[in-house]
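These are the residues of each chain, in order.
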Amino acid sequence: MIAFSHYDVALLSRALWMTLVLSVAGGVAGLAGGVALACLRMARGRLLAPLRWLAAGYVQVVRRVPFIVTLYIVFFLTGMAGLDVSGTTVALWAIGLIAAGYIAEIVHGGVNSVPADQIEAAVTLNLPLLARWRYVIVPRALPVIVPPAVGYLVLFIKDTALASQVGVLELNQAGVILSNRGLPTVQVFLAVLGLYFAISYPLTRLSRMLEKRLAIS
C-alpha cells in the first residue's frame, strides 16, 4: 500500500469537497426544479396548457440526453452568451437541469399513485386545495416518491465525475492527476472508490430508513 503525501491528501480532500458540493447543490436545485415541473405538468385549465406541454416536453427530452451532452451544451451556451462563469457553475447548472427532469417524473408518478377516490372524497368534503395536498395527497405520495428520488441522487453522484470535462477538480480527476504523478494507479483509484462509497453509502442507508418509516406511517 502507498502512503499518500500531504499534497496528495490535500488534493483528494479538495476533490471530495467539490464532489459533495456538486452532488448536494445540484440535487437541491434538481429537487426544486423537479417539483416545479411536476406541478406544471399537473396544472389544469386551458390557459396553463402551453406550460403543461412545455414541462412535459422538457422532462421527456432531458431524461433521454446523456449528462455529458447537457454539460457541453451548457458550457458552450454560456460561452456564446458571453457569460463569465466557472466550470463549477456550469457543472451545477447542468446537474440541476438533468436532475430536475428525473425528479419531476418521480414526483409526477408518486402523485398519480394516490387513489382517485381519496382525492374525490377530499373534494366532496370541500377541503381547500392546500389542505388536500397537505392531508391527502402528500402523505400518500411520499412513500412512492422518496425512495426512488434518494436512489436517483445516489446514482447521480457518479455522474459528477464528468464535471472534469469542463475543468472541475472532482474525485475522478484527482485520481487521474495522482496517477499521472507516478503513484500506483490501482491504489489511487481504490482510494477514490472508497471516497465515493463513503459519500454514497449513507444516502443508501437513508433511503432504506425513509422507505421503512414511510411504509409504517
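Use the structure listed above.
Values in this document were obtained by computation on a predicted structure and should not be read as measured data.

J.: Help me understand the overall build of the protein in this model?
T.: Within the protein one finds eight helices and zero strands. The order of helices and strands in the protein, counted from the N terminus, is α-α-α-α-α-α-α-α. Overall size of the protein, expressed as C-alpha extent along the three principal axes, is 70 × 45 × 25 Å. Carbon and sulfur atoms make up 69% of the accessible area of the protein, which amounts to about 12500 Å² in all.

J.: It is not clear to me how the pattern of salt bridges should be interpreted in this structure. Could you clarify?
T.: Two side chains with opposite charge may pair up if their charged atoms get near one another. Overall, the coordinates contain two salt bridges when judged by the stated rule. Between Glu105 and Arg41 there is a salt bridge, with its nearest N and O atoms 2.7 Å apart. Remark: Arg41 occurs in helix H1 (residues 6-41) and Glu105 occurs in helix H4 (residues 87-112); sequence separation between them is 64 residues. What makes Glu105 partly exposed here is its relative accessible area of 26%. Residue class for Arg41 comes out buried when judged on its relative accessible area of 14%.

J.: Any chance you could explain unusual backbone geometry here in plain terms?
T.: Backbone phi values are negative for most residues with the exception of glycine, while trans is the configuration of most peptide bonds. The backbone phi angle of Asn126 is positive, close to 60°, even though this residue is not glycine. Tracing the backbone through its elements, the reader meets Asn126 in the loop between helix H5 (116-124) and helix H6 (129-159). For Asn126, a relative accessible area of 66% translates into the label exposed.

Each value, and the rule that gives it
Residues numbered from 1 in each chain as written. Predicted model: local features only at pLDDT ≥ 70, side-chain atom pairs only at ≥ 80, totals over all residues. Heavy atoms only, no water. Helix = DSSP H or I, 4+ residues; strand = E, 2+ residues; numbered from the N terminus. Areas by Shrake-Rupley, 256 points an atom, 1.4 Å probe, with all protein chains shown as cover. Salt bridge = Lys/Arg side-chain N within 4 Å of Asp/Glu carboxyl O. Buried < 20%, exposed > 50% of the residue type's maximum accessible area, 1.4 Å probe, protein only.

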